[in-house]
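In case you want the letters, here they are:
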Amino acid sequence: MIRIIYSWKVPIENLDRFIATWKRTTNKIHEEVKGAQGSFMIQNDADSTEIKTVAKWDSLEDWKQFWKDSKPSQMQSMHDLGERVSVEVFREIDDFTK
């Protein structure tokens, strides 16, 4: 398993639409894309425009296949509402969340 951490900067006026769009987008990707295991979103308490989305994938190869173009069409609406600042790839060692 891997986790992908996307950092976003979302203008406050776009925040509600960004969250709603992310919910639809992440669920659609999880349902339709091989290896996608879903995602969660967190918000910086000190700066509400700083958002992180953390996606879980079966393998790095599955994620790379999804990203074969730099902005998959499924995520375009998120890019319309916020700026993706960075993408980091982490290998999952263990997970004790429920």
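Positions within a chain are numbered from 1, following the residues in the order the chain's sequence is written. Totals for whole chains, interfaces and linings use all residues, but because this is a predicted model, local features are given only for residues with pLDDT of at least 70 and pairs of side-chain atoms are given and counted only at 80 or more. Excluded from the side-chain calculation are hydrogens and water; included are all heavy atoms of the structure.

A. Molecular detail of the nonpolar core. Only buried Ala, Val, Leu, Ile, Met, Phe, Trp, Tyr and Cys residues count toward a nonpolar core, and they belong to the same one when joined by side-chain atoms within 4.5 Å. Whether a residue is buried, partly exposed or exposed follows from its accessible area with a 1.4 Å probe, protein chains only, as a fraction of its type maximum: under 20%, in between, or over 50%, in that order. Counting residues in hydrophobic clusters, the biggest one holds 21 residues, and the most contacted among them are Trp8, Trp57 and Trp63. If we skip the residues at most four places from it in the chain, Trp63 touches Ile2, Ile4, Tyr6, Trp57, Val87 and Val89. In what follows, a contact means two residues having at least one pair of non-hydrogen atoms within 4.5 Å.

B. Just the packing of aromatic side chains, in detail. The aromatic pairing rule takes the rings of Phe, Tyr and Trp, using the six-membered ring of Trp, and pairs them if the centres are within 6.5 Å, calling planes under 30 degrees apart stacked, those over 60 edge-to-face and the rest tilted. Applying the stated rule across the entire model yields five aromatic pairs. Measuring from ring centre to ring centre gives 6.0 Å for Tyr6 and Trp67, while their planes differ by 35°; the resulting arrangement is tilted. Here Tyr6 is found in strand 1 (residues 2–9), whereas its partner Trp67 is found in the loop between helix 2 (60–66) and helix 3 (76–81), with 61 residues between them in sequence. Relative to Trp67, the ring of Phe66 lies with its centre 5.8 Å away and its plane at 90°, an arrangement referred to as edge-to-face. Overall, Phe66 belongs to the buried group, its relative accessible area being 9%. Helix and strand definitions here come from DSSP, where helices need a minimum of 4 consecutive H or I residues and strands a minimum of 2 consecutive E residues; each element is numbered from the N-terminal end.

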